[in-house]
Every structure is written in C-alpha cells, then in structure tokens.
Amino acid sequence: MKGKIFSFIDNSVPLLIELETELCKRPAISPDAGGEGELDKCVFLEGWLKAQGITQLERFDAPDERAKGGVRPSLAATIPGKNDAGPRLWIMSHIDVVPPGEASLWKSDPWTVVQADGGTRPDGSPLGPRLIGRGAEDNQQGLTSSVLAALSLIKLGITPSRTVKLLFAADEENGSAYGIAWIIKNKPELFRKDDMVLIPDGGDREGAGIEIAEKNLVWARFVTHGLQAHGSRPDQGANAHLAGADLAVRLHYGLSEKFADHDPLFEPDYSTFQPTKKEANVPNINTIPGEDVFCMDMRILPRYPVKAVLTEIDRIKTEVEAKHKVTITYTTPQCMESKPTSADAPLVKLLSQSAAEVYGVKTKPIGIGGGTVGAYLRNEGIDSAVWCRIDDTAHQPNEYAIIGNILGDAKVMALLMID
Ligand SMILES: [Zn+2]
C-alpha cells in the first residue's frame, strides 16, 4: 500500500504545479498589510478541492469589514477514517501570504509561479527543481503537501485509519485573530482534546527539528514620567531618561537572575529579557527629559508563569520610581503563555518515524522563541507539532519551494494518515 501511495505522490508533479500556480495568482494579503484578505484564494481552493474529489468541506468566515466580502475565510476538509471516535489527525496550513516587499529584488513576478532548476544556495549546495513565487513556500508548500497526501488515499480508494482534517486557515501572518484564534473561540466543538495537529509551517533543510514548544512571549512598553528641567539643573527636575535606563538595566539583569533556569529544548536555552525599541524624547542635548519610553522583548521558558514575571517587573519598577522620583506605567502589546506538547506525545513519535522512513533523517524535538499558531492549540491541551522540510525562504524576495520537499512531506503526511 505504501508503495502505491508513494508512486501516486511521485507522479503528481503536474498537479502540484497546477495547484501552486493557481494559489499564487490570488494574493491573500491581510488588510493589516494593505491587502483584500483571503476570499478569492479560499473560494478557488474550495472549488479545486471539490473537483479533485475532496468534497466534505466547511467554511469558517470570521467577520472583518476591511476585507473583500467582509470576511476572513478559513476552510476545513474532512476525509473520514476507519475510526472516527479516536484521535483525529489535523494538518493545518495557512492561506494568507505576506506582501512581496521591495519589488526590485524579485527576478520574476511574485504572483506568477516560475519553475527553476539548477543553481546553488548561498552556501554552495546545489538546488533542485523548485517553484518560485510569493507564498510558494510559506505556506503553499505545506498546503499542497497536505492536499497531495489526502488525494493519494482518495484516488487509490484507501480509507485513512484515523479521520483526517485539513485546515486552511486565514490570518496567520498577522496574529491569527481572524484565523485559528477566531475558530477556537467561535467553533470550540471543532477540535477534540485528543486530536493531534501537524503544522507544516516551519522547519529546516533536513526536516530534523520537530517544534513542540515555545517560550512565553511578553512585549512591554514602559513610559516614565519625570520632570523636565534645564540640563544644568537636574536638582530641579526628575530625569525620565535616566530612570528609564536604570529600569531597563535592572529588568534585564534582575529578571535574568530570578528566572535563570536552562532548558536544552530551546535555543538559547534560557529566558531572554531584552530592552529593544527606544522612542525619541527631547530633540536637544541640554534639556533633561520629563518623559521617556522604551520597550522590552521577553521570551520566557514555559515553566515560568507570565504572572510571576509581571510581579517581579512591578517590584523592580517600584524601586526605580522611589529612587528617581518618577512614575512609570507600562502596557504589554503582546502577552502570551504557551504550554508545551510532550516530546513523548504519539504525534511526535509518529512524525519522527515517518520522517525517518521518507527522508532517512533522525529528528529531534525543539522549542522556539515564541509567537506561532501552535501556541493557540497547545493552550487548548491539543498536541501540536510544527514540522516540514524547507529551505526557509519565507518572506524573502524570490521565495521558493523545492518540489522534492513538497513530495517528501506529502509522503510523511500520508504515513501519518494510514498509521
Ligand atoms: Zn507561514
């Protein structure tokens, strides 16, 4: 059976080129990035899948008046398995793409798939047959692989051992508020706790890393209110910049010391607390600023609750306020906690076996810095792994997907479906 599936997939190159080409023609850019949203691409995909024999389809339209049709559509396909009562396998890709960026950096039209072969990567390794276009890799590679895997079973008349669900989600590139986050909130019955979710939207060239965890993510913006004065009379003012700088240094070292554990799953293997953006204060050198703003990017090992970190921030902030006679307020434009999926979860084991079978690769579970769609599902207690084999040209000019990776990933996915 595996042999038949693999040769079906190997013979599907014209089909995958057709699908990639049609998807690429329909830019699905978020209104946040100046686009119309996903409607045209989603409607096309729905029709194409139906024509191919994937007929159980369901649309989820998150309202967004800025987008074409007033909606941000996601699409789910169901391929019923022999055992529908047990855990189901989801493969979740996203249909939205980022804008092309600097047009002059593209060697071809970003919205027209171009086939290429030959050439080398920056490190000199040879490049095989590939498809170039915005979205070709991120995330149409994963999308196309999941469709090929499902079609291989359907066309060969094979019923998957577990029910397979393909989810084509909107709004991944801008935070998922109209995508997976909206679906989880508004269609909570869609996922079952024992479902497993593969997200083919991140990986490496070997297909070795299986991402199962991410750090908790906090962005914070600190506003220090002091008292403006002449540069020569600090005694008459309260230097907001000095206080803010003191706070940044104390937070960086104080939080690093207090939340000091290491976890080899992650790289780097510790929590990071970095002062980042600095907003302008006074325009001239001889005025002591009365107000000052800086931001921090914090990536915290999942073992530390975000609340504990915020409590420590408040404690340090109070010290600085007293010392500098200022008041400090802060907001958290991003604040997200993320539960890990266990390295021993059935999904991870199955994925590891299947990747070894197709690619001969030895996989390893990894954690990343945070802020991906996996967190939404993991926080619901649903095992989720981010994996695929990619060159990682996402968001770059001349983005490409290696055809061999689309085929290989489809085989891995098919193995997950028939296990
Ligand atoms: Zn992506």
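**With respect to the sheet that holds strand β9 (residues 216–225)**
- One open sheet accounts for four strands, arranged β11-β13-β9-β14; its pairing is antiparallel. For this open sheet the edge positions go to β11 (272–278) and β14 (327–336), each flanked by a neighbour on one side alone. Neighbour-to-neighbour, the strand axes of the sheet open up by a mean angle of 25°, direction not taken into account.
- Contacting β9, β11, β13 (291–300) and β14, helix α6 (residues 240–258) runs over the sheet at an angle of about 10° to β13.

**Points about the packing of aromatic side chains**
- Taken as a whole, this structure holds six aromatic pairs when the rule is applied.
- With centroids separated by 4.5 Å and ring planes inclined at 40°, the aromatic side chains of W90 and F191 adopt a geometry described as tilted. Placement of the pair is W90 in strand β3 (residues 89–94) and F191 in the loop between α5 (180–186) and β7 (196–199), with a sequence separation of 101 residues. Here the two residues W90 and F191 agree in accessibility, since each one is buried.
- Linked through ring pairs, F222, F294 and Y330 together constitute an aromatic cluster.

**Section: the side chain of T224**
- When you line up the elements, T224 lands in strand β9.
- The exposure class of T224 is buried, given its relative accessible area of 0%.
- Leave out the neighbours within four places in its chain, and T224 touches A240, A243, G244, G290, E291, D292, V326, T327 and I328.

**Concerning empty space enclosed by the protein**
- A complete count under the given rule lists one cavity of 30 Å³ or more for this structure.
- In this structure, the largest cavity encloses a volume near 50 Å³.
- In terms of lining, the largest cavity is formed by M92, S93, H94, N139, A169, E172, S176, I199, D201 and V373.
- Classifying every residue of the lining of the largest cavity gives four nonpolar, four polar and two charged.

**Observations regarding the nonpolar core**
- Ranked by internal contacts, the top residues of the largest apolar core, which has 91 residues, are L45, V147, L166 and F168.
- Among the elements that line this core, the one with the most residues is helix α10 (residues 403–418), at eleven residues.
- Once residues lying within four places of it in the same chain are set aside, the contact partners of L166 are L75, A76, A77, I79, I91, S146, V147, A150 and M417.
- Formed by 18 residues, the second largest nonpolar core is a distinct cluster that contains I180, I184, V373 and I382.

**What to know about the coordination of the zinc ion**
- Protein-derived coordination of the zinc ion comes from H94 (NE2), D138 (OD), D201 (OD) and D201 (OD), at a distance range of 1.9 to 2.5 Å.
- Note that the zinc ion binds four donor atoms; their angles at the metal cover 53 to 143°, and the shape is irregular.
- Donor residues for the zinc ion sit on one chain with the sequence pattern H-x43-D-x62-D. On the criterion of sequence distance, the pair formed by H94 in strand β3 and D201 in the loop between β7 and β8 (209–214) is long-range, its members being 107 residues apart.
- In this structure H94 comes out as buried when scored by relative accessible area, which is 2%.

**Some words on the environment of H262**
- Following the sequence through the fold, H262 ends up in the loop between α6 and β11.
- Taking the relative accessible area as the measure of exposure, H262 reaches 49% and is therefore partly exposed.
- Each C-alpha atom of the pair H262 and L167 lies 35 Å from the other, and the pair is 95 residues apart in sequence.
- If we ignore the near neighbours within four places in the chain, the residues touching H262 are D269, Y270, L301 and R303.
- At 2.9 Å, the side chain of H262 and the side chain of D269 are in polar contact.

**Quick notes on the state of the cysteines**
- Summed over the entire model, instances satisfying the criterion amount to zero disulfides.
- Of all cysteine sulfurs in the structure, the one in C335 sits closest to C295, which takes part in no disulfide; the separation is 14 Å.
- Classification of C295 by relative accessible area gives buried; the value is 11%.
- Under the relative-accessibility criterion, C335 is labelled partly exposed at 40%.

**Section: the layout of surface pockets**
- Estimates place the volume of the largest pocket at around 610 Å³.
- As for the largest pocket, its lining consists of 33 residues, and the residues nearest its centre are E172, D201, G371, T372 and V373.
- For the lining of the largest pocket, the secondary-structure elements that each account for two or more residues are α4 (140–156), β9, β14 and α9 (374–378).
- The residue inventory of the lining of the largest pocket, partitioned by class, reads eleven nonpolar, 13 polar and nine charged.
- There is about 250 Å³ of room inside the second largest pocket.
- Around the second largest pocket, the lining comprises 14 residues; the ones closest to its centre are P122, L127, T393, N398 and Y400.

**Observations regarding the pairing of β13**
- With nine of ten residues buried, β13 lies mostly within the body of the structure.
- Relative to β13, β9 is paired through ten bridges, and the arrangement is antiparallel. The residue of β13 that forms the bridge with R221 is C295.
- As paired elements, β11 and β13 share five bridges and run antiparallel to each other. Opposite K278, over in β13, you have F294 as the bridge partner.

Cut-off values and rules
Throughout, a residue's number is its position along its own chain's written sequence, starting from 1. Thresholds applied to this predicted model are a pLDDT of at least 70 for local features of residues and 80 or more for the giving and counting of side-chain atom pairs; totals over whole chains, interfaces and linings are not thresholded and use all residues. To get the side-chain values, take all heavy atoms of the structure and skip hydrogens and water. We call two strands paired when DSSP finds no fewer than two bridges between them. A helix here means a DSSP run of H or I that spans at least four residues, while a strand means a run of E at least two residues long, and both kinds are numbered starting from the N terminus. Helix axes are fitted to C-alpha atoms over the stretch in contact, other axes to C-alpha atoms as well, and angles between N-to-C directions run from 0 to 180 degrees. Here, residues are in contact when the closest pair of their heavy atoms is within 4.5 Å. Aromatic rings from Phe, Tyr and Trp, with only the six-membered ring used for Trp, were paired whenever their centres fell within 6.5 Å, and each pair was classed as stacked if the ring planes differed by under 30 degrees, edge-to-face if by over 60, and tilted otherwise. Relative accessibility decides the category of a residue: with a 1.4 Å probe and only protein chains considered, values under 20% of the type maximum give buried, values over 50% give exposed, and everything between is partly exposed. Throughout, the protein atoms alone are placed on a 1 Å grid, and a set of points is a cavity if a 1.4 Å probe fits but cannot get out or a pocket if it is open with protein on both sides within 12 Å along at least five of seven lines; lining residues have an atom within 4 Å of a point. Grid points are joined across faces, edges and corners, and a volume is the space filled by probe spheres set on the points. Note that Gly is not counted as nonpolar here; it falls among the polar residues with everything else outside the nonpolar set of Ala, Val, Leu, Ile, Met, Phe, Trp, Tyr, Cys and Pro and the charged set of Asp, Glu, Lys and Arg. By nonpolar core we mean a set of buried residues, namely Ala, Val, Leu, Ile, Met, Phe, Trp, Tyr and Cys, connected to one another through side-chain atoms within 4.5 Å. Sites may look incomplete because water is not among the atoms; the donors themselves are N, O and S atoms within 2.8 Å of the metal, or within 3.2 Å for Na, K and Ca. Square planar and octahedral assignments, for four and six donors respectively, both demand that opposite donors be over 155 degrees apart and that all other angles lie between 65 and 115; tetrahedral needs four donors with all angles between 85 and 135 degrees, and anything else is irregular. Nitrogen and oxygen atoms within 3.5 Å of one another constitute a polar contact, given that in protein one can donate a hydrogen and the other can accept it, and given that sequence-neighbouring residues count only through two side-chain atoms. To count as a disulfide, a pair of cysteine sulfur atoms needs to be within 2.5 Å.

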